[in-house]
Amino acid sequence: MERSAKSLVVVLLAVGVASVVALLTAQSAESRPYSMTVDNAQDNRFQAPGAWRTSSYSKERFGKSYAYARPAKARPARYKVRIPATARYAVYARWPANRGYNAGTAFGVRTTSGMRWKRVDQRRTGGRWVKLGVHRIARGDNNKVFVSRNARGRGYVIADAVRVVRVTPRQTSGDSGTNTRRTRGPDAMLGAPRYTQREAVRYARSVGASRYIMRTIPIYYDLAPRRNIAPDVLVAQSILETGKGRYGGDSKPWNMAGIKKGGIVGDEPRDFERPRTARAGVRMHVNHMAAYTGKKPIGKPHDRFYDARAAQKNRGWWVKRISQLGGGAWATDPAYSRKIRSILDDM
């Protein structure tokens, strides 16, 4: 009897250990970074039954083409997405915008609690990833995202590309930091980055950024968090300002944001700062943004810091959002903020 009891204890312990290992393995799988993008051109992953056609008319398209159809009571187009583990995923969609497209296209996501639908205006926000929501999605490689033709109005319904990204805790600096500050919102200038250093590097390589960008990314993730400025935003800004590090304008390396010298200057090459090193260029960029956000500079700042700080103080507010950079604050281009957000969306 005693021997049988001991055997039972051993079996229960073994079952318990196996359960714990299985639980930890599942939790580890859910915490690993994962994303997948599906384009309409992938025949094995996109199906559009009925009167759908393809076009490459708009430059805002993702890939070589996009599918379009007139609104109708018909079966939806569908994207086959591989979900490696049941977990929470952010779901995004992308389409080219045109005033002739539909103002109420419905996107559906198959979640663990059933279908969830969201309507979007495809006359707007073209050429960027638009978040449809965060949902718990079951493991499997099958149809997960849908585009309904049962739309409002007469405009074309567009099916271009979708993306799912597993929701995982973000670290503040690089991929090895332990700071647990709250991740910034999509439009925030301040706070922990939404995208890791590794993701920023991967994106920069994908767009053919030069060595001037690649060498500065780790420095941004080192210096910017010291002033609670999001490093991913500054990386996106440097990619925009320098033409992916190609420097086609008057500004030259290592000036990462087209920063001019102090005082009254013009638009000649001699009027722009010329930092000697990558670190000096990034520190100048961080300090210049610190002038707009009301933060203290790192070390002794460049002369333009004081001009920018005074100008922003006279406006009576500090920059806290990306959307506040355009229209005369940092830049005069009214689309400036949208361009930065577009780079971040692709990142």
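Keep in mind it's a predicted model, so treat the numbers as computed, not measured. (Residues numbered from 1 in each chain as written. Predicted model: local features only at pLDDT ≥ 70, side-chain atom pairs only at ≥ 80, totals over all residues. Heavy atoms only, no water.)

Student: Whenever I open this one, the packing of helix H5 (residues 278-293) against helix H6 (residues 303-315) confuses me. Can you help?
Tutor: Any two packed helices are characterised by the angle at which their axes cross and by the distance between the axes. Relative to each other, H5 and H6 sit at 20 degrees, their axes nearing to 7 Å. By the angle between their directions, the pair H5 and H6 is classed as roughly parallel. The handedness of the crossing between H5 and H6 is right-handed. Along the contact surface, H5 presents Asn287, His288, Ala290, Ala291 and Tyr292, while H6 presents Arg304, Phe305, Ala308, Arg309, Gln312 and Arg315. By residue class, the composition of the contact of H5 with H6 is five nonpolar, three polar and three charged. (Axes fitted to C-alpha atoms, helices over the stretch in contact; angles between N-to-C directions. Helix = DSSP H or I, 4+ residues; strand = E, 2+ residues; numbered from the N terminus. Parallel < 35°, antiparallel > 145°, perpendicular 65-115°, else oblique. Left-handed = near helix turned anticlockwise from the far one by under 90°. Contact = heavy atoms within 4.5 Å. Nonpolar A, V, L, I, M, F, W, Y, C, P; charged D, E, K, R; others polar.)

Student: Is there a simple way to explain the pattern of salt bridges in this structure?
Tutor: Following the criterion strictly, the structure yields 13 salt bridges and no others. Between Lys260 and Asp267 there is a salt bridge, and its shortest N-O distance comes to 2.3 Å. Classification of Lys260 by relative accessible area gives partly exposed; the value is 21%. Note that Asp307 and Arg304 form a salt bridge whose closest N and O atoms lie 3.7 Å from each other. Taken together, the residues span about one helical turn, with Asp307 and Arg304 both in helix H6 at a distance of three residues. Residue class for Asp307 comes out partly exposed when judged on its relative accessible area of 34%. (Salt bridge = Lys/Arg side-chain N within 4 Å of Asp/Glu carboxyl O. Buried < 20%, exposed > 50% of the residue type's maximum accessible area, 1.4 Å probe, protein only.)

Student: I tried to follow the pairing of strand S6 (residues 87-94) on my own but got confused; where do I start?
Tutor: Residues in a regular strand point their side chains to alternate faces of the sheet. Within S6, seven of the eight residues are buried, which leaves it mostly tucked inside the rest of the structure. As defined by bridge partners, S6 adjoins strand S9 (residues 130-137) across seven bridges and the pair is classed as antiparallel. Considered in S9, the bridge of Ala87 is made with Ile137. Summarising the sheet, S6 and strand S12 (residues 161-166) pair through six bridges and their orientation is antiparallel. Counterpart to Ala93 in the pairing with S12 is Val162. (Pairing = 2+ DSSP bridges.)

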